[in-house]
Amino acid sequence: MRSIRSACLALALIALLATSAFTSTLLAQSTVTTPEKFFGFQLGADRKMARWDKIVEYYNLIEKQSGGKMKVINMGPTMNGNPFLMVIITSPKNLANIDTIRKNNLTIVHPGRTPEAEIKKLVATGKVIEVQSMSMHATEIGGTQMAPELAYDLITRTDEETQRILDNTVLVEVPCFNPDGEIMVTDYYNSTLGTPYEGSNYPSLYAKYIGHDDNRDALLTSMNESQYMAKLLFTDWRPEVYVDHHHQGSYGARISLPPYAEPIRPYGDPIMWREIAWYGSQMAYKETENGYTGAINNAIYSGWGHFGFHWITPFHNIDGMLTESASAKLATPLYVLPEQLQGGARNLPKYEAETIFPDPWPGGWWHLRDIVNMQKTAAWAALDLAARNHETVLWNAYQKAKNQTARGASADTPNYVIPTLQYDPITANFLVQKLLVQGIDIKQATKPFTAANGQSYDAGSYIISLAQPKMGLIRNLLDRNFFPDNDWTRDKEGNPIRPYDLSTDDVAEFMGVRVDHVVGPLNVEAKLITEAPVTPGKVAAGSSGYLLSGKLDASYKAVNLLQAKGVAISRVVKPVDGANLGDFVVAKGSEADLTTIAKTIGVDFSPAPAIPADSTAALKSKRVGLYQHYYGGNVDEGWTRWLLEQWGYNPTSLLDPELKKGDLNAKFDVIVIPDDSTSTLTGEPAAAGGGRRGGGGGGEGFGRTPTDYAPEYRSGFGEEGVKALREFVQKGGTIVTLGTASDFAIDKLGVHARNIVGELPTKQFWCPGSTLKVDVDPSNPLGYGMPKESLALYLQGDPVFQITPSNNNERYSVVVNYGNRDILQSGWLVGEGNITGKAAMISAEMGKGKVILIGFRAQHRAQTYGTFKLFFNSITN
Ligand SMILES: [Zn+2]
């Protein structure tokens, strides 16, 4: 308890701070450098883009001039080593108390054992924390160009509205979610100025690895930027409100605002959905009040989107929202004819006035500055609403946490157990680490225990209670989920409408991790954990050296690390006592290296039994080429490159000019072709209707044709490339085609197979991002280490194979089949009978080499750990 004396001292301090806040406001007004003066142009001016390094400089400058209203924090380096900033803007008094405010908010949103009376006090004195992030998709430039001006306005305006915002909210601005991309796009844009390609799309991925998929990385947070955002949103700050600013296509509404349209995901708190609508109304209303036309809300973007940052935060009980502004041509204005304006999206069937779109924009010139104005209006409206209703917002934050906890406690299976007994315990442990990144409470059993159904578990098993605020998140990540098949998800003709992304995000299914949903109360001694470190593996030699399990994803990493050190490794290829088919045998004499690897990645090197020489095959270190192209880049290429680098495969990027030169065997043993259409790979015109991914539904939909790009950025390796790849296989090379690129193997490389779902109408066969039950042949070297029954992620458009008759049927094998019935584990599947029992992954020997076709998404976004081994075997064996 505080003494009276210290309370008086505190009051005096507050008075002092208030006075200094007053004088600093006057000071700020006169001395804060305007963006226009600093950058040399008004932000959003035609053909001008402020570059990230200058923006960082500006923030650092105005922080000093802000009179204590702003704090700039560098969260760390991006993947390319640029600073990633979070900028706190609030009143000087709040800023001086920022850590207390942050901690009090964490108590409100995760009430735990804090009595309600105490929470009421925190609510009465609390401040709403609001995170707003900009331009994660780097060609969607408006946000980052707007952010410095929003910051400037907040620290210099002295009107009542601004004062209320500063007093009652804490804005955490992320002025750029993707600084690497911002720099790439700004430099590219400047290089096109005055050329016929001015304002054209950026020709590569606008990030080191994953470009547009940076949003889809909220699930496993593989990139640095995602890890910073996860800290900000999921654990360390856990705001009440999150707004993420994006761009959409150019020919519809000028800005799309919350709430989301139908359908919505299950397990969200109703107050959260209501609040999102509340903010959206305020944003849209403010656009109209300010005289900006063309704002729409409750349209285009469905409430069951991907599980990226703005779409996953609602299940953290945060009001996670997005704004989507119509794009210009980067900073070059775009002229839009009235008849070019289109509807055709969710809740906007025609480009006509409706209640959610009462004042359609009439067409004309569209400037970056228009985007800045409308985004800034939306950003400000979200702050204004929270400031006016701060107590309600904070009390609701408590209500949401409390209600979700109660719902979880009364669920049929209120506890989820991740047992120690796993097919791949290292991957299971990795999942636990990533669930902790989400801020989910996880306990670990300190003693063995038995569940009400009689199932017993070892000490060390992880327990996730649904009786916690993030119940909705847990259920979406760890439950079987089925995407709705109803009027919202079918068009008038009954054709299914493509979900925004996948139709399930069950990450445990993607990773092949066993999660038991346990009925009844659980009587267990367990402790709350904050980390799940890798358990160091054991190292012990046997007569034939060391045995490394082929069942573990991590073993492939160990193999690559050891091969890089020149250690001889072979693989068990015939059944022997004491070893499984596909286990790795590591030669003796490398104990120090093994110990380091066992410690860092957790694999055991056990004593290898005596193994006859003809029962193993020596493994040669492989030179891996990974096909890459311009034409906007290919995000599957970026993910695959990252994954291969993480696993020590050291891939070399193979671009069109080098591919077309041929003689590929001199440089590569294996060439991987990421998911792509035949037309994009070869550069031939696409067949009518475009790619096979199909379906309608909203999307970021930026149209692109090859001639939009300068000649040096056009792609397609043509007949020359096809010839070079065929020759590569004939001479002993291996080509691995992923997802739709398998169509290319059939169309162009002479693989005798047919894609049996390629031409089926979507009413007959439809499977947009679902986990399906598959049967693996673990005796096939490409199936080594896999469980016989597995789950595979299938995306609409992925080929399913039938091997067609040829003179060399014996040179073909089926590695993976779809199951025989009831094959949908999670997601959405129409027309199961089209694929049951059919081939999902095949291998075709041709000449001295082979082509391996993986039809489903074995390494999707580096998240599908459960099927990584099928991909790794394709390279390693
Ligand atoms: Zn976007």
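As a starting point, this report considers the structure included with it. Every chain is numbered on its own, with residues counted from 1 as its sequence reads. Restriction of local features to residues with pLDDT of at least 70 applies here, the model being predicted, together with a cutoff of 80 or more for giving and counting side-chain atom pairs; totals for whole chains, interfaces and linings are based on all residues. Computation of side-chain values: all heavy atoms of the structure, hydrogens and water removed.

## Let's talk about the overall build of the protein
A run of H or I in DSSP becomes a helix once it reaches four residues, and a run of E becomes a strand once it reaches two; helices and strands are each numbered from the N terminus. Of regular secondary structure, the protein possesses 25 helices and 34 strands. Based on C-alpha atoms, the radius of gyration is set beside the globule rule, defined as 2.2 Å times the residue count to the power 0.38. Taken over C-alpha atoms, the radius of gyration comes to 28 Å for the protein, in line with the 29 Å a tight globule of 877 residues would show. When the backbone C-alpha atoms are referred to their principal axes, the protein occupies close to 85 × 65 × 50 Å. Think of it in three bands: with a 1.4 Å probe and only protein chains considered, a residue is buried below 20% of the maximum accessible area for its type, exposed above 50%, and partly exposed in between. Burial status across the protein gives 59% buried among its 877 residues.

## Comments concerning empty space enclosed by the protein
A pocket here means an open set of points on a 1 Å grid, computed over the protein atoms alone, that has protein on both sides within 12 Å along at least five of seven lines. A cavity is instead a set of points where a 1.4 Å probe fits but cannot get out; residues with an atom within 4 Å of a point line either one. Grid points are joined across faces, edges and corners, and a volume is the space filled by probe spheres set on the points. Counted according to the given criterion, the structure contains four cavities of 30 Å³ or more. One number sums up the size of the largest cavity: a volume of about 80 Å³. Met 79, Phe 177, Asn 178, Asp 180, Ala 207, Lys 208, Tyr 209, Ile 210, Asp 214, Met 223, Glu 225 and Ser 226 together form the lining of the largest cavity. Gly is placed with the polar residues, together with every amino acid not listed as nonpolar (Ala, Val, Leu, Ile, Met, Phe, Trp, Tyr, Cys and Pro) or charged (Asp, Glu, Lys and Arg). When the residues that make up the lining of the largest cavity are grouped by side-chain class, the tally is six nonpolar, two polar and four charged. Quantified by volume, the second largest cavity comes out at close to 40 Å³. Every residue lining the second largest cavity is listed: Arg 216, Leu 219, His 306, Phe 307, Gly 308, Asp 501, Asp 505, Arg 861 and Gln 863. In terms of residue class, the lining of the second largest cavity is built from two nonpolar, three polar and four charged.

## Some thoughts on the side chain of Asp 505
Within the secondary structure layout, Asp 505 lies in the loop between helix 16 (471–478) and helix 17 (507–511). Polar contacts, as used here, are pairs of N or O atoms within 3.5 Å; protein pairs need one atom able to donate a hydrogen and one able to accept it. Residues neighboring in sequence count only if both atoms are side-chain atoms. At 2.5 Å, the side chain of Asp 505 and the side chain of Arg 265 are in polar contact. In this analysis, two residues are considered to be in contact whenever any of their non-hydrogen atoms come within 4.5 Å of each other. For Asp 505, the contacting residues outside a window of four places in its chain are Leu 219, Arg 265, Gly 305, Phe 307, Asn 476, Leu 477 and Phe 510.

## Thoughts on the sheet that holds strand 7 (residues 295–297)
Taken together, the eight strands give an open sheet; going across it, the order is 1-2-4-3-5-8-6-7, and neighbouring strands pair in mixed fashion. Each edge of the sheet is formed by a strand with only one pairing partner; in this case those strands are strand 1 (70–77) and strand 7. Across the sheet, the axes of successive neighbouring strands diverge by a mean angle of 20°, strand direction being ignored. As paired strands, strand 5 (residues 241–248) and strand 8 (residues 319–326) are joined by eight bridges and run parallel to one another. Within strand 8, the residue paired with Asp 244 across the bridge is Leu 322. Here, axes are lines fitted to C-alpha atoms. For helices the fit covers the stretch in contact, and angles between N-to-C directions go from 0 to 180 degrees. On top of the sheet, helix 5 (residues 98–109) reaches strand 2 (83–89), strand 3 (128–134) and strand 4 (169–174); it is set at about 100° to strand 3, its chief contact. Packing of helix 8 (residues 160–168) onto the sheet brings it into contact with strand 2, strand 3 and strand 4, and relative to strand 4 it is tilted by some 85°. We call two strands paired when DSSP finds no fewer than two bridges between them.

## Side note on the environment of Ser 135
For Ser 135, the location among the structural elements is in the loop between strand 3 and helix 7 (142–156). Through-space distance from the C-alpha of Ser 135 to that of Glu 182 is 8.0 Å; in sequence the pair is 47 residues apart. Each residue touching Ser 135, except ones within four places of it in the same chain, is listed here: Glu 140, Ile 141, Gly 142, Gly 143, Thr 144, Phe 177, Asn 178 and His 245.

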